[in-house]
Amino acid sequence: SSILFFLYLGDDALPNGLDVTFEVTELRRLTGSYNTMVGNNEGSMVLGLKFPNLFGRAEKVTFQFSYGTKETSYGLSFFKPQPGNFERNFSVNLYKVTGQFPWSSLRETDRGISTEFNFPIWKTNHTLKWEGVWRELGCLARTASFSVREESGHSLKSSLSHAMVIDSRNSSILPKRGALLKINQELAGYTVRFSKKEKKKNNNFFSPKVFSASLWGGMLVPIGDKPSSIADRFYLGGPTSVRGFSMYSIGPQSDGDYLGGEAYWAGGLHLYTPLPFRPGRGGFGDLFRTHFFLNAGNLCNLNYGDGPKAHLQKLAEYIRWSYGAGIVLRLGNIARLELNYCFPMGVQSGDRICDGVQFGAGIRFL
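Residues numbered from 1 in each chain as written. Predicted model: local features only at pLDDT ≥ 70, side-chain atom pairs only at ≥ 80, totals over all residues. Heavy atoms only, no water.

Quick look at the overall build of the protein chain now. When helices and strands are counted, the protein chain shows two helices and 20 strands. Taken across its 366 residues, the protein chain has 40% of its residues classed as buried. Taking the intrachain contacts of the protein chain between residues at least 6 apart in sequence as the baseline, contacts between residues at least 24 apart amount to 53%. Per element, the accessible surface of the protein chain, about 20,500 Å² overall, is 60% carbon and sulfur. (Helix = DSSP H or I, 4+ residues; strand = E, 2+ residues; numbered from the N terminus. Buried < 20%, exposed > 50% of the residue type's maximum accessible area, 1.4 Å probe, protein only. Contact = heavy atoms within 4.5 Å. Areas by Shrake-Rupley, 256 points an atom, 1.4 Å probe, with all protein chains shown as cover.)

Below, the structure is given as structure tokens:
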């Protein structure tokens, strides 16, 4: 594309007025892509085909295939923005996702359809989403516990969710200033019935050193007599949440398989500083930070016949916490890597720990 400037000589022209003409080149009708993605301690290769500007109003149809270390998926999506307001948009997705969860000896295959409507209100961004999923749960290993085996089989899930985000951070990977507040609510029905709420808050305070505080929390409330599914519960622990513990290896478990919990909280305090003696200053060295942290959290199941005071008491019992230090590497605006030396504390029977060096890769960290 190019921009041309001309003197404007009309009747209402100003002495220093310009007539600006934009000359643009349309994208190809079909484009392809190949890239890699980093999730929470997992990586994947992604192949995609895209039909951009399908009907001339910035619509697009995308087909994407992803093969990863723990998840394989493919899907077809249609995206339609509101003319003149790209942040207000609508999308429809068809997909199939197969994931492996070794901490639970569980394999899950989801086939579904979802619709999303994104829109801003003042300083907040909102997402309304409906999703219908046919889920198939199975055992990942012969040694899977009976608690996991009895969850195996097919189920249908229809859910309506809402997410609100306020994000003033200057970077989503390793911010130096700003704050993030994200609140999710989900109501699900059919053969799976529950109400799920989750809240996450991050604050970063700017100085030559960066101090960060994070707080996560969530609660899942079954509706009716049917218990919650292992696929819907919360999981905690690992290099992206409560460091010093193995991936999702905190809380209720059966014969070494972690079953998740219906309520959790996690908090963290972090201090990021430049590397000692500033090697590579002004270049590659600026991608690294020294990292000091203190994490804490708990995951459990609640008896919803009890009152809020009893719930708070249970969430305050058996708190797992850890502290340590390490090095953080920012990979552009894609992901970040952490190499920490961890000291896990408050370890309970059944928890798996990572006492010493722990490596983490992802886009969302506590």
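Read on for the rest.
Following the criterion strictly, the structure yields nine aromatic pairs and no others. Taken together, Phe101, Trp103, Tyr235 and Tyr248 form an aromatic cluster joined through their ring pairs. Over the face of the ring belonging to phenylalanine 79 we find lysine 60, whose NZ or CZ atom lies 5.3 Å from the ring centre. One Lys or Arg, arginine 111, reaches over the ring of tryptophan 134 and ends 4.6 Å from the middle of that ring. (Phe/Tyr/Trp six-rings, centres within 6.5 Å; stacked < 30°, edge-to-face > 60°. Lys NZ or Arg CZ within 6 Å of the ring centre and 35° of its normal.)

Turning our eyes to something else, we now look at the state of the cysteines. The bond known as a disulfide is covalent and runs between the sulfur atoms of two cysteines. Scanning the entire structure with this criterion turns up zero disulfides. Among the cysteines around cysteine 342, which has no disulfide bond, cysteine 354 carries the closest sulfur, lying 6.2 Å off. Residue cysteine 342 is classed as buried on the basis of its relative accessible area, which comes to 0%. (Disulfide = S-S within 2.5 Å.)

These figures come from the coordinates and say nothing about function on their own.
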